Amino acid sequence: MLRPFVAYLRVYEPLSTFGDPPPGPLVKAVKDTRLTSGMAGEREHTMWIKSQVSTPVRLLPAELANGRAAPSTATDVLVLDPAEVPGETGPGPLVCPLELRARSAAALISFLDDAPPALRSAVGTATGFTPDKARSRAGAALGNLPKSAVHMLTTTWTVPLPWFALVDPDQRRLELGDGQDDPRREMSWRVAMRDARRRVTEARELVGRTLGESGPARILTETERWLTNFDPGSAVELDYGGLVQLITDADLESDTSAEEVHSILAALRSGNIERLAELFDELRGYWNTIAAREHAN
């Protein structure tokens, strides 16, 4: 099964931050989980399909017919050992809930706010929910989040370039597997929360001072604000997710996106505009080629 063409920015928090003591089902899930980052996209895809083939159709994945959260919302988690993360994190284990229901609810509210009336009406007809009822159900799902922010940000068909400012380019994790559809195939970086916050603040200040507060600076500001919701002992993971299915072995091995973003920041500091333009054009060309696959699908 193909994974969704989605990239991820995840936060893994110490288990102790989820309660004192943490809920029993979560503790058991952390101990027993076999879910990996490579499998997470497939899990989300499966949950979405189940919501659409159920009778009646569920408005949100990982939701029961009465609108309450399915038991899986408490047990679908990714787990890291602090030893797997460069820098100071913990105490372990480190936990990232998938929070698929809540993330889908946030996306639904955004859709209801932005979509043309005809499209909203068509979706309402297909699901049996009026826009007001759908908004209310989605708002209730978000209200059930134990924290004020989800542990995962996602983008389709591309990686926002400012996200690379958070990571150390030398800490890249690359697993090619046995081909582009191998579920073990992965390209990611992990970083301690304290280091991620320091880097994003430095990048936000630099970009805002030199290029203005829109565009990349806005993404850095939003990312910085999001990171403040989590424990300082957390870990942050930037993961190409299902995008690795679109990139050849050779291109993955030679991918220098993280290095180039850090070189762009260095060029901003030194005022080397010529080098800045060159690096930006190279990155834009690389990621535009990948994003263009969306129109072919």
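One structure accompanies this document, and this report is about it. Source: prediction; values computed, not measured.

Notes on the packing of aromatic side chains
Summed over all chains, the structure comprises eight aromatic pairs. Between Trp226 and Phe230, the aromatic rings sit 5.5 Å apart at their centres with planes inclined by 80°, giving edge-to-face as the arrangement. For Trp226, a relative accessible area of 7% corresponds to the buried category. On the basis of an interplanar angle of 75° and a centroid distance of 5.4 Å, the ring pair of Tyr240 and Trp287 is categorised as edge-to-face. On the criterion of sequence distance, the pair formed by Tyr240 in the loop between strand S7 (235-239) and helix H8 (249-253) and Trp287 in helix H10 (residues 273-291) is long-range, its members being 47 residues apart. Each member of the pair, Tyr240 as well as Trp287, carries the same accessibility label: buried. Three or more aromatic residues joined by ring pairs make a cluster, and in this case those are Phe164, Trp189, Tyr240, Tyr286 and Trp287. Directly above the aromatic system of Tyr8 lies the positively charged group of Arg10, at a separation of 4.3 Å from the ring centroid.

Comments concerning the layout of surface pockets
One number sums up the size of the largest pocket: a volume of about 930 Å³. Along the walls of the largest pocket sit 29 residues, with Leu100, Arg103, Ser104, Ala107 and Thr154 positioned nearest its centre. Elements that contribute at least two residues to the lining of the largest pocket include exactly strand S1 (6-14), helix H2 (37-53), helix H3 (100-114), helix H4 (117-127), strand S4 (152-156) and helix H7 (216-227). Broken down by element, the residue count for the lining of the largest pocket peaks at six residues, all from H3.

Some thoughts on the pattern of salt bridges
Scanning all chains against the criterion turns up 19 salt bridges. Between Arg173 and Glu186 there is a salt bridge whose closest N-O contact spans 3.9 Å. One end of the pair, Arg173, is in strand S5 (residues 172-175); the other, Glu186, is in strand S6 (residues 186-192), and 13 residues separate them in sequence. A relative accessible area of 30% places Arg173 in the partly exposed class. Here Glu186 falls in the buried class, since its relative accessible area comes to 15%. Across the pair Glu278 and Arg275 runs a salt bridge, and its minimum N-O distance is 3.1 Å.

Details of the nonpolar core
Grouped together as the largest cluster of nonpolar side chains are 46 residues, with contacts concentrated most on Val159, Phe164, Leu227, Val236 and Tyr240. Elements with a minimum of two residues in this core: S1, S6, helix H6 (193-211), H7, S7, helix H9 (257-270) and H10. Among all residues touching Phe164, those that are not within four sequence positions of it are Val159, Trp189, Leu238, Tyr240, Ser257, Ala258, Val261, His262 and Trp287. Core analysis: the second largest hydrophobic core is formed by 13 residues, Leu35, Leu80, Val85 and Cys96 among them.

Concerning H9
Quick reminder: α-helices carry 3.6 residues per turn. Residues three or four places apart thus point the same way. For H9, which comprises 14 residues, the first-to-last C-alpha distance of 20 Å matches the rise-based estimate of 20 Å (1.5 Å per residue) to within 8%. Inspection of H9 places Ser257, Ala258, Glu260, Val261, Ile264, Leu265, Ala267 and Leu268 among the buried residues, and these make up the whole buried set. Those residues of H9 hidden inside the fold are in contact with S6, H6 and H10. Following H9 by one or two positions, Gly271 adopts a phi angle in the positive range, close to 75°.

Things to note about unusual backbone geometry
Glycine aside, residues mostly have negative phi, and peptide bonds are mostly found in the trans state. Look at the link from Asp20 to Pro21: it is a cis peptide, with omega at 0°. Within the secondary structure layout, Pro21 lies in the loop between S1 and helix H1 (24-32). A cis geometry characterises the amide bond from Gly92 onward to Pro93, with omega recorded as 0°. Here Pro93 is to be found in the loop between strand S2 (77-80) and strand S3 (94-97). Backbone geometry places Ala62, a non-glycine residue, at a positive phi of 60°. Relative to the helices and strands, Ala62 is located in the loop between H2 and S2. The phi angle at Trp157 is positive, at roughly 70°, despite the residue not being glycine. Relative to the helices and strands, Trp157 is located in the loop between S4 and S5. Under the relative-accessibility criterion, Trp157 is labelled buried at 11%.

As for the packing of H9 against H10
As a packed pair, H9 and H10 sit with axes 9 Å apart at the nearest point and diverge in direction by 155°. Comparing the axis directions of H9 and H10 gives the class roughly antiparallel. As for how H9 packs across H10, the hand of that crossing is left-handed. Residue-level inspection shows Ser257, Glu260, Val261, Ser263, Ile264, Ala267 and Leu268 of H9 in contact with H10, the latter providing Arg275, Leu276, Leu279, Phe280, Glu282, Leu283, Tyr286 and Trp287. The residue makeup of the contact of H9 with H10, split by class, is 10 nonpolar, two polar and three charged.

Reading the values: the criteria
- Residues numbered from 1 in each chain as written.
- Predicted model: local features only at pLDDT ≥ 70, side-chain atom pairs only at ≥ 80, totals over all residues.
- Heavy atoms only, no water.
- Phe/Tyr/Trp six-rings, centres within 6.5 Å; stacked < 30°, edge-to-face > 60°.
- Buried < 20%, exposed > 50% of the residue type's maximum accessible area, 1.4 Å probe, protein only.
- Helix = DSSP H or I, 4+ residues; strand = E, 2+ residues; numbered from the N terminus.
- Lys NZ or Arg CZ within 6 Å of the ring centre and 35° of its normal.
- 1 Å grid on protein atoms, 1.4 Å probe; cavity = no way out; pocket = protein on both sides within 12 Å on 5 of 7 lines; lining within 4 Å.
- Points joined across faces, edges and corners; volume = space filled by probe spheres on them.
- Salt bridge = Lys/Arg side-chain N within 4 Å of Asp/Glu carboxyl O.
- Core = buried A, V, L, I, M, F, W, Y, C linked by side-chain atoms within 4.5 Å.
- Contact = heavy atoms within 4.5 Å.
- Expected span 1.5 Å × (residues − 1).
- Axes fitted to C-alpha atoms, helices over the stretch in contact; angles between N-to-C directions.
- Parallel < 35°, antiparallel > 145°, perpendicular 65-115°, else oblique.
- Left-handed = near helix turned anticlockwise from the far one by under 90°.
- Nonpolar A, V, L, I, M, F, W, Y, C, P; charged D, E, K, R; others polar.

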